[in-house]
Amino acid sequence: MKVDEIFIVSERLVTIVHKCYTLSCNNSARDIFLEKLKKGEHQTLPYFTDGNTWFHFIKREKLYFVATTNKDTSPILVIEILTRLYHVIKDFCGVVSEDSLHENLLLVMEVLNEFMDFGLVQLSTTEKLQPHIQSTPVLTRFNRQPTQDITSRVFGIEKKSLPTPVTDTPVISSSVIKDKRKNEIFVDLIERVTGVINADGSISRLEVNGAMKVKNFLHGSPQLKIILNDNVIVQRNSRIKAYGDNVQLDTCVFHESAKVDNPDSPQVLTVYPHIGEFTLMSYSVSGESSITSPFHFVSSVQPIEQSRDMMVTLRIKSRLAVPCVNVRLKFGVPRSVSNISQHLDSPDQSAALEKNDGTILWTLKTLPPQAESVAQFRLINQSGPLNREDVGPVRMKFEVSGCLLSGMKIKTVKVLNQEQTTPQKWLRYITVSDSFLVKLV
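Summary of the structure given here. (Residues numbered from 1 in each chain as written. Predicted model: local features only at pLDDT ≥ 70, side-chain atom pairs only at ≥ 80, totals over all residues. Heavy atoms only, no water.)

## Here's the deal with the sheet that holds strand β3 (residues 47–50)
The strand order β2-β1-β5-β4-β3 describes an open sheet built from five strands, whose pairing is antiparallel. Of all the strands in the sheet, the pair left with one neighbour each is β2 (15–20) and β3. Within the sheet, the average angular offset between the axes of one strand and its neighbour, ignoring direction, is 20°. The pairing of β3 with strand β4 (residues 53–60) spans four bridges and is classified as antiparallel. When the sheet's bridge partners are listed, T49 is paired in β4 with W54. (Pairing = 2+ DSSP bridges. Helix = DSSP H or I, 4+ residues; strand = E, 2+ residues; numbered from the N terminus. Axes fitted to C-alpha atoms, helices over the stretch in contact; angles between N-to-C directions.)

Listed below in structure tokens is the structure:
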């Protein structure tokens, strides 16, 4: 498999870097992609064809990473190459944004030169690339908005910058920065929840996709030992699950750097981590016997007597032991609804009718643990009677810190073979919604 070219463009249709790997490469493919991006014609799938050119792309941090080939190639393979390139650039630059890539343009070109040779992947990991990269990364302190950038250039005003977060600093740095860099490691357990709740409150589908993400800033190349809870088991190809206290995983995949004594009961992970960010473990859980819905819903959609209006009542109760933040509930309403009257039970909440897409958005800054919240909306209708089936469903977004639905836990993270300094270890549990839908009728 040979790649003709790789280029990175921003949402503003600005080409940041363009690298050709074959003699047949020219600017025509880049111009085609920019034109389709401008017209919004690019497909939702991460690949498409135009003539004899195959385009593959990923979008990260408002940037498009694009690769082209002149033959029909496995899209998954090319997408994997672009994903690895993104992570490598992130390791070297710290932050992947339009500003950071402009400031580290020479470094990014060095990475692209060594990453592939004549369109074939040569060095795709940070460790292998490090000896061949000579440029020093420039730390990007903030992402300037276009208006701020114009103001600073015209009036000579310098915007004060915030210090760069530790997780956004380059893993590969100059010797001076390396000496100042803390000896630490970040381990995040992140779970994304997919659910479908019926109108009567019963669960139609409930699934969790989790990942253990590691960002390694440790000095040297120490060995890690990560100990999970004792009751983790993997029920591969098993349709019947037992109720109990066990954490029952449907699937579980480990990074190549991890050594697991018993893959069906992964309680101790021995890891030889490479420098940078990587996903150490991916897993999935499904079914009411393994996970519980984080919320209980009660809804009502009823016409108002002697009126063309309709009353929608939403009641949500948290089943979590920690607060849930940035809760957003959005549901569709008929286009004939011209306005709404609302009753919310907290001043921290807000709701609005978005006429452009015919939806109502109910926002809660925080939903306390085990708390309940109720909202009532009167749909003011300007035409014929409304149908209950035209209201909903509710699509919900939320974030939870310090809690995982699957029950996964990290008991301890041990860093071995480190005698000079004591490394700092940072651990986070994060649960976010992926696709959470509640039917109203």
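There is more to say, and it comes next.
## Comments concerning the environment of S10
Checked against the element boundaries, S10 lands in strand β1 (residues 5–10). Sequence separation between S10 and S97 is 87 residues; the distance between their C-alpha atoms is 8.7 Å. Ignoring any residue separated from it by four or fewer positions in sequence, one finds S10 in contact with I16, L37, K62, L63, Y64 and E98. (Contact = heavy atoms within 4.5 Å.)

## Some words on the state of the cysteines
For the structure on display, the rule yields one disulfide. Across the disulfide, C20 is cross-linked to C25 (sulfur-sulfur distance 2.1 Å). The chirality of the disulfide connecting C20 with C25 is left-handed, given an S-S dihedral of about -40°. C25 gets classed as buried once you look at its relative accessible area, which sits at 15%. The thiol of C403 is not disulfide-bonded; the next cysteine sulfur, from C324, is found 9.6 Å away. (Disulfide = S-S within 2.5 Å. Buried < 20%, exposed > 50% of the residue type's maximum accessible area, 1.4 Å probe, protein only.)

## Quick notes on the pairing of strand β18 (residues 310–318)
Sheet topology note: the strand β17 (residues 295–303)/β18 ladder contains nine bridges and is antiparallel. Across the sheet, the residue bridging to F295 is S318, located in β18. Taking the residues that link successive antiparallel strands as the turn, the β17-β18 hairpin has six residues, and the phi of Q306 there is positive, at about 55°. By the bridge criterion, eight bridges tie β18 to strand β23 (residues 372–381) in an arrangement that is antiparallel. Pairing of V312 across the sheet is with F377, part of β23.

## Some thoughts on the pattern of salt bridges
Oppositely charged side chains may form a pair once their charged atoms are brought near each other. The full count for this structure, using the stated rule, is 14 salt bridges. Linking D31 and R30 is a salt bridge whose minimum nitrogen-to-oxygen distance equals 3.8 Å. On the basis of relative accessible area, D31 is assigned to the partly exposed category, the value being 40%. Between E372 and R315 there is a salt bridge, and its shortest N-O distance comes to 3.1 Å. Of this pair, E372 sits in strand β23 while R315 sits in strand β18, and the two are 57 residues apart along the sequence. E372 gets classed as partly exposed once you look at its relative accessible area, which sits at 44%. You can call R315 partly exposed: its relative accessible area is 32%. Three or more residues joined by partner-sharing salt bridges are found here, namely K330, E354 and D357. (Salt bridge = Lys/Arg side-chain N within 4 Å of Asp/Glu carboxyl O.)

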